[in-house]
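Tertiary structure, described
Single-letter residue listing:
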There are 2 protein chains.
Amino acid sequence: MKTMILKGDICYSKTKKTLACLKNGFLVCDSGLSAGVFPTIPEQYRRFPLKEYTGKLIIPGLIDLHTHGPQFSLRSLGLDKELLDWLEALVFPEEAKYSDISYAEQAYTAAVGDVKKGPNTRACFFGTVHTPSTLRLMTLLEESGLVCRVGKVNMDRNCPDSLGEASAEASETATRAWLGQCDAYKNVAPILTPRFIPSCTDDLMRRLSAIRKEYGLPVQSHLSENLREMAWVRELCPESTGYADAYARFDLLGPETIMAHCVWSDSAEIELLAQAGVFAAHCPQSNMNLSSGAAPVRKLLAGGVRVGLGSDVAGGVHPSIFRAMTDAIQVSKLRRIQDAEDDPLTLEEAFYLGTLGGGAFFGAVGSFEAGYEFDALVIDDASLAPPFPLSLRERLERVVYLSEDRHIIAKYVRGAPLF
Amino acid sequence: MKTMILKGDICYSKTKKTLACLKNGFLVCDSGLSAGVFPTIPEQYRRFPLKEYTGKLIIPGLIDLHTHGPQFSLRSLGLDKELLDWLEALVFPEEAKYSDISYAEQAYTAAVGDVKKGPNTRACFFGTVHTPSTLRLMTLLEESGLVCRVGKVNMDRNCPDSLGEASAEASETATRAWLGQCDAYKNVAPILTPRFIPSCTDDLMRRLSAIRKEYGLPVQSHLSENLREMAWVRELCPESTGYADAYARFDLLGPETIMAHCVWSDSAEIELLAQAGVFAAHCPQSNMNLSSGAAPVRKLLAGGVRVGLGSDVAGGVHPSIFRAMTDAIQVSKLRRIQDAEDDPLTLEEAFYLGTLGGGAFFGAVGSFEAGYEFDALVIDDASLAPPFPLSLRERLERVVYLSEDRHIIAKYVRGAPLF
């Protein structure tokens, strides 16, 4: 099942700035891993079954480093507000509904269905504080075939009673109980998820830091998204030298940490993120919709920070990381007008961020080089063709800007077909 | 045929800042004009045939004030360049191909098909310099049922020999010959289309100004899109006080003039546009893709300029004016970060710009008030519904952000069904 050859027009990122493109190539999947891309089928793979996608585009699955499962229901709503007001008015009341498992069942079924039919093969999800609903999200994702990290959210301050956890101790207890129920999954795994500094007491952060070490867990949270949020963090953490430092003090930054946004990270924060090996999840659409700003992606990359893309539903409206790629390019062009230092992102760079860049969080993911996990999309782009021939690189560009979910005719994750 | 009642959930702009919304309402079309929206069917319309769209959203058709027919083939390509380099490298060579009528036939058939299935009911198209191809575009648009203004482009300087017209006189002669063949259309009409100042000699502008008066024609062109373009205009027109003034000197600005972009219009230019009654076509996606900037829409509106939205294919990649609405909102949010004076656009305002705002160029268009021409979309938004009830206004918001062409189940223009 997980051993086969895909024939078609193959594109993937070689480096941040270069694509590998092969027309009529053969992409070999051996037991769920890529064995590489070849112009003819190598002798040792001759007996593998051949999937014929001649004329179709074959690319790696896309990686969403930051999204919120319970907010799919809120997409497009309340976007006249900025972050903190939007959380209060829309997000917290919506997330409180997930204490009801039947509501969660309905909403998460729709959300997972949306992601399954789109181009993303892997994602890091925030759930809510509720253990049963978060487990339900994990089960639905496991059934979908997507490979995901999912976090039960921790929050014990500055949120309504209907949503917040009663104490740091209660949050720790619930988190440990949740972690005890996560072993059954094959493609889905837990990730520690303190919502953000304003939602978590120092006591809670210390407990989460201990859990992180005990379980060897990755961490996801939010960083330097919005100016009012940042002023609040300075008030809450007067001893910290900056927002990232407020996490670092609890030893929550490391090579398995994702920090979403980094819109206002300064050079000191960029250095801290780079040194710790943190992944920055760039969420350009959310940063526009919530009037957060245009993140300094060029500076993050130049500073050595590992960067991937995030849809950040429902700050972002569209789950597709194709959309995040074009949003990232467009926002970088507007940013350049304010900051002439920062060259806009190229298509190659945006594609890299949405595949290899974010994929690195999941290990050897986001490429077709030999040894990478086999996540692949097959895209029928015939209806997008102009009346003149396009290079493979131009076809990829067109797919990134113009394709819809319906153009994806096959999707493989770890070598298994999702459809 | 053009007399009927549509039953459904009806939304349209009342003013720039307010929507009229009626659930289970009746929208009456009397001989191609709206007779208004009613909670029950008024006596005098009882015998009109009823179209049952209960539960569906019914809104006015969307208005695209600025797009380029021959550039649909270029969508997504070359967007690493800025305006002038992109014109040289991609647009001019592509437009030169339209000297071949069979190429034009193929490309324009695809382009018109794309627009027909989307939410726009009216548009202003740039063609190319070529009369036969431009007439072919007009015929295809006429057959589609869309209501359009289409321009044979004028350009007699600063463009490759393969595309430019031989002289101002040759351009005038061709334009008069083209206008002589435009009477056969019902839904499509000509619009005078000097490409932009850098492409047109003073001699040509004087001739076009005379044609404008002789035929009573509207005019479309480009204004203050890109900083390098503007510097070039200053060089070319040292006697002008500004870019808009360079058009005004030939008496080309008036209440039937559309100027696309206005990204860098200063307060003097805004005043000139307002006084002349010019329509500004705001093209936010194009302005991002070509690194042009974030247009001062708030200042244009406050200054009394009439504003509509444009897709500006292929500076913009997406023909849908729904996309232009969300792009306009998003870009205005990023602009606010640089310019705190300019509040972001609201959903109501963006929807107004894409319906009534641009519709005013076509007359009484873009509303369901009695007397307006009957352009309507029926949208099945059931698959976009979250697990809680939405207000009509929220459903509209969701459709604007999330709908695709496939959600449009019926489209009427001047009372005639397109599908």
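First things first, this report covers the structure right here in the doc. Treat the numbers as computed from the prediction; the structure is a model and nothing was measured.

**Here's the deal with the interface of chain B and chain A**
In many analyses, interface size is given as the accessible surface area lost on bringing the parts together. With 44 residues of chain B at the interface, the matching set in chain A holds 43 residues. Our count for the chain B to chain A interface comes out at two salt bridges. One salt bridge connects arginine 336 of chain B with glutamate 82 of chain A, and the closest N-O pair in it is separated by 2.8 Å. Across the chain B-chain A interface, the total number found is 14 residue pairs in polar contact (both at pLDDT 80 or more). Listing elements by their share of the side of chain B that touches chain A, those giving two or more residues are helix H2 (101-117), helix H9 (284-289), helix H11 (321-338) and helix H13 (392-402) of chain B. Element by element, the count of residues in the side of chain B that touches chain A is highest for H11 of chain B, at nine residues.

**Focus on the sheet that holds strand E17 (residues 416-417) of chain B**
Residue and element names in this part refer to chain B. The strand order across the open sheet formed by seven strands is E3-E2-E1-E4-E15-E16-E17, and the pairing between neighbours is mixed. Looking at which strands have only one partner, the edges of the open sheet turn out to be strand E3 (33-38) and E17. Two elements, strand E1 (residues 4-13) and strand E2 (residues 19-30), share nine bridges in a ladder whose sense is antiparallel. Looking across to E2, one finds that cysteine 11 is bridged to cysteine 21.

**Considerations on unusual backbone geometry**
The amide bond that connects valine 313 of chain A to the next residue, alanine 314 of chain A, takes the cis arrangement and shows omega of 10°. Structurally, alanine 314 of chain A is set in the loop between strand E14 (306-309) and helix H11 (321-338).

**Quick notes on the pairing of strand E12 (residues 257-261) of chain B**
Along a regular strand, successive side chains alternate from one face of the sheet to the other. Residues and elements named next belong to chain B. Of all five residues in E12, five are buried; the element is thus mostly enclosed. Where strand E11 (residues 219-223) meets E12, five bridges bridge the pair, whose relative direction is parallel. Within E12, the position partnered with valine 219 by the bridge is threonine 257. By the bridge criterion, three bridges tie E12 to strand E13 (residues 279-282) in an arrangement that is parallel. Across the sheet, the residue bridging to alanine 260 is alanine 281, located in E13. Once the chain exits E12 it traverses helix H8 (residues 267-276) before rejoining the sheet at E13, and the crossover so formed is right-handed.

**Section: a nonpolar patch on the surface**
Nonpolar side chains collect at one region of the surface, where Ile337 of chain A together with Leu227 and Trp264 of chain B lie side by side and expose about 250 Å² of accessible area between them. One can find leucine 227 of chain B in helix H6 (residues 227-236).

**Some words on the pattern of salt bridges**
Residue and element names in this part refer to chain A. All told, the structure shown has 70 salt bridges over all chains when counted by the stated rule. Between aspartate 405 and lysine 117 there is a salt bridge, with its nearest N and O atoms 3.3 Å apart. Placement of the pair is aspartate 405 in the loop between helix H13 (392-402) and strand E16 (408-413) and lysine 117 in helix H2 (residues 101-117), with a sequence separation of 288 residues. By relative accessible area, which is 22% here, aspartate 405 ends up partly exposed. Where aspartate 381 meets arginine 395, a salt bridge forms, and the shortest distance between an N and an O atom there is 2.8 Å. Residue aspartate 381 is located in the loop between strand E15 (376-379) and H13, and its partner arginine 395 is located in helix H13; the two are separated by 14 residues in the primary sequence. We classify aspartate 381 as buried; its relative accessible area is 8%. Where salt bridges share partners, they join Glu172, Arg176, Asp203, Arg207 and Glu214 into one cluster.

**Details of the packing of helix H12 (residues 347-359) of chain A against H13 of chain A**
Residues and elements named next belong to chain A. Their axes nearest at 11 Å, the elements H12 and H13 cross at an angle of 65°. Every pair of crossing elements has a handedness; the one defined by H12 and H13 is left-handed. Contacts between H12 and H13 involve Leu347, Glu348 and Phe351 on the former and, on the latter, Arg393, Leu396, Glu397 and Val400. A class-by-class count of the residues in the contact of H12 with H13 yields four nonpolar, no polar and three charged.

**Some details on the side chain of histidine 318 of chain A**
Topologically, histidine 318 of chain A is positioned in the loop between E14 and H11. Within the structure, histidine 318 of chain A has its side chain in polar contact with the side chain of glutamine 285 of chain A (distance 3.2 Å). Here the side chain of histidine 318 of chain A touches arginine 323 of chain A through a polar contact of 3.4 Å, side chain to side chain. What histidine 318 of chain A contacts, discounting residues up to four positions off in sequence, is Gln285, Ser311, Val313 and Arg323 of chain A together with Tyr401 and Leu402 of chain B.

**Focus on the packing of aromatic side chains**
All names here are of chain A. Per the counting criterion, the structure on display carries 22 aromatic pairs over all chains. Ring centres 4.9 Å apart and planes at 45° place the aromatic pair tyrosine 98 and tyrosine 108 in the tilted group. Placement of the pair is tyrosine 98 in the loop between helix H1 (83-96) and H2 and tyrosine 108 in helix H2, with a sequence separation of ten residues. Here the two residues tyrosine 98 and tyrosine 108 agree in accessibility, since each one is buried. Three or more aromatic residues link up through ring pairs in this structure, and these residues are Tyr12, Phe368, Phe374 and Tyr412.

The rules behind the values
- Residues numbered from 1 in each chain as written.
- Chains lettered and ligands numbered in written order.
- Predicted model: local features only at pLDDT ≥ 70, side-chain atom pairs only at ≥ 80, totals over all residues.
- Heavy atoms only, no water.
- Contact = heavy atoms within 4.5 Å.
- Salt bridge = Lys/Arg side-chain N within 4 Å of Asp/Glu carboxyl O.
- Polar contact = N/O pair within 3.5 Å; in protein donor to acceptor, adjacent residues only side chain to side chain.
- Helix = DSSP H or I, 4+ residues; strand = E, 2+ residues; numbered from the N terminus.
- Pairing = 2+ DSSP bridges.
- Buried < 20%, exposed > 50% of the residue type's maximum accessible area, 1.4 Å probe, protein only.
- Right-handed = clockwise from strand over helix to strand, strands pointing away.
- Patch = residues over 30% accessible without salt bridge, like charges linked within 9 Å, V, L, I, M, F, W, Y side chains within 5 Å.
- Areas by Shrake-Rupley, 256 points an atom, 1.4 Å probe, with all protein chains shown as cover.
- Axes fitted to C-alpha atoms, helices over the stretch in contact; angles between N-to-C directions.
- Left-handed = near helix turned anticlockwise from the far one by under 90°.
- Nonpolar A, V, L, I, M, F, W, Y, C, P; charged D, E, K, R; others polar.
- Phe/Tyr/Trp six-rings, centres within 6.5 Å; stacked < 30°, edge-to-face > 60°.

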